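Here is what each chain is made of, one letter per residue.
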Amino acid sequence: MLYKSTRSKVKNISFIQAVKMGLADDGGLLVPQYIPVVEENLSSLNFKELALYLMKMYIGDEIEENTLWRLIQKSYSSFDTEKIVPVVKKAGIYIAELFHGPTLAFKDIALQFLGNLFEYILQEEGKKMNILGATSGDTGSAAIEGIKGKKNMNIFILYPYGKVSPIQQKQMTTVKDKNVFCIAIKGSFDDCQYIVKKIFSDSEFKKKYMLGAVNSINWTRILAQIIYYFYAYFQISTEGSVYFSVPTGNFGNIFAGFIAKRMGLNIDKLILATNENDILSKFVNTGIYKKGKVVNTISPSMDIQIASNFERYLYYLFDEDGEKVRQLMDTFSKYGEIKIDKQRLQTVQVDFLSAKASETETIEEIRDFYRETGYILDPHTAVGVRVGRKLRDKEKPLICLATAHPAKFQKPVKESIGMFPPIPPSLQDIEKKKERFTVIDASIKKVKTFIEQHALR
Ligand SMILES: *Cc1c(COP(=O)(O)O)cnc(C)c1O
């Protein structure tokens, strides 16, 4: 499979080149040349087998099947359940638990694989790489877990200082491996993401320091996330169409659902659930994508205004017209707003429904769901469940993606149900561990200097 950019200037690059490039050299995002359609019945495959089958469709013979299988085995052996993504039924809805990886959030599913994939590529090519990424909480620790201790790689993670949950911060900053650098930025997550984007767009710097991305702009992230849409669907044994509800921030998770739908998976609607940061929800309902101010909520991994994967969706919405996407993105960076016409809005609404859950509604949902079922939702998952219940079609199965373990968000859970969620063993001793991070101003130049001083060369 070859890859191309959403802004049309980068074309015909290989899968491995696409993985290494992260953000495309023309400022766009990389997408496959075409979206393959699944024609076989895959319902009897387990998670890893399904991963092999689906990934092969996007990788082709660039990586030998045996090697790919080894990478998949290695990546998912760090999960605490054989099923990798178990699906449970509670209160008439299905919950796909995506939080059984080492950092207890759904990002492990892609980042455990990406870490191993990078290590393999670098070994093959005898090269080195410096990973650079921004996180609103979960990506950072998941990326660090995926890359810590790996050969020929350093990792630099920017996060908004004081704006991630204490456990999220500790999950990043207490990792001892020497190839890990945590950078606390005095600013918002959007600042962090902006700095990273700017540094990647300096192609000279990028080349000199062999920068690689792990943000959800990396196609591999999307690829690995497609698997659990199929897997969850097969676990609920239905032949009919289903609804998926997805707590959304950067549009990475739900974009994988969109691709799964295009690959032929029988998804009726994707429910895009947001917290108070509802730029995407407004887009689905009005056709206006307008930047606002970031509001801090109890679901911090969704406190995002500019969704980095949204451009990928626009690309498909505008029939793979890269020139048009470039114009739209230029308009957006100039005026902070994009507006689509009625017809296109209808196209959006064929695939998506959307609403937001306020802070109060989220707290209520955790409480009510617990009372009803004894099952504790984390605040992100609660946003998805709340909005999913509101917008679902009662005749059709609803699968809510559970994106984090509740133990990662002690305070809001306690506020909802009156007690702290039980802490799994992997988090128990994190409190006592020593932290290691560097605080830096929200300045591109200062971050660059830090990288220059600590990068592998
Ligand atoms: C990252 C994250 C999200 C948002 O996913 P996107 O791919 O950014 O839309 C939701 N919940 C949790 C727990 C996350 O870590």
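Relevant structure appears above.
Source: prediction; values computed, not measured. (Residues numbered from 1 in each chain as written. Predicted model: local features only at pLDDT ≥ 70, side-chain atom pairs only at ≥ 80, totals over all residues. Heavy atoms only, no water.)

1. Looking at the sheet that holds strand β9 (residues 242-247)
Here comes step 1: Taken in spatial order, the six strands make up an open sheet running β3-β4-β14-β9-β10-β13, and their pairing is mixed. Looking at which strands have only one partner, the edges of the open sheet turn out to be β3 (87-90) and β13 (352-356). Geometrically, the sheet is characterised by an average inter-axis angle of 25 degrees between neighbouring strands, direction not taken into account.
Here comes step 2: Note that strand β4 (residues 93-97) and strand β14 (residues 398-402) share four bridges and pair parallel. Counted as the bridge partner of Ala96 is Leu401 from β14.
Here comes step 3: Taken strand by strand, helix α14 (residues 342-351) contacts β10 (267-274) and β13, and its axis lies near 100 degrees from that of β10. (Pairing = 2+ DSSP bridges. Helix = DSSP H or I, 4+ residues; strand = E, 2+ residues; numbered from the N terminus. Axes fitted to C-alpha atoms, helices over the stretch in contact; angles between N-to-C directions. Contact = heavy atoms within 4.5 Å.)

2. Considerations on empty space enclosed by the protein
Here comes step 1: Taken as a whole and judged by the stated rule, the model has four cavities of 30 Å³ or more.
Here comes step 2: Volume-wise, the largest cavity comes out at about 270 Å³.
Here comes step 3: Along its surface, the largest cavity is lined by 27 residues, and Phe106, Lys107, Gly249, Asn250 and Ser301 are the ones closest to its centre.
Here comes step 4: Taken together, the elements giving at least two residues each to the lining of the largest cavity come down to α5 (138-147), α7 (189-201), α9 (219-235) and α10 (252-262).
Here comes step 5: Here the residues of the lining of the largest cavity sort into nine nonpolar, 15 polar and three charged.
Here comes step 6: If you add up the space inside the second largest cavity, you get close to 70 Å³.
Here comes step 7: In terms of lining residues, the second largest cavity is bounded by Ser136, Pro160, Lys163, Ser188, Phe189, Val294, Asn296, Pro300 and Asp303.
Here comes step 8: Across the lining of the second largest cavity, the residue classes break down as four nonpolar, three polar and two charged. (1 Å grid on protein atoms, 1.4 Å probe; cavity = no way out; pocket = protein on both sides within 12 Å on 5 of 7 lines; lining within 4 Å. Points joined across faces, edges and corners; volume = space filled by probe spheres on them. Nonpolar A, V, L, I, M, F, W, Y, C, P; charged D, E, K, R; others polar.)

3. Re the pattern of salt bridges
Here comes step 1: Considering all chains together, one arrives at 26 salt bridges under this definition.
Here comes step 2: One salt-bridge network, held together by shared partners, links Glu361, Glu364, Glu365, Glu372, Arg386 and Arg389. (Salt bridge = Lys/Arg side-chain N within 4 Å of Asp/Glu carboxyl O.)

4. Things to note about the site of the ligand
Here comes step 1: Lys107, Asp138, Gly249, Asn250 and Thr403 are the nearest of the 15 residues found near the ligand.
Here comes step 2: With respect to the ligand, the backbone of Asn250 contributes an N or O atom lying 2.7 Å from an oxygen atom.
Here comes step 3: Protein burial of the ligand: of its 380 Å² of free accessible surface, 97% is covered by the chains.
Here comes step 4: Of all the cavities here, the one that holds the ligand is the largest cavity. (Near = heavy atom within 4 Å. Polar contact = N/O pair within 3.5 Å; in protein donor to acceptor, adjacent residues only side chain to side chain. Areas by Shrake-Rupley, 256 points an atom, 1.4 Å probe, with all protein chains shown as cover. Sits in = over half its atoms within 2 Å of the grid points.)

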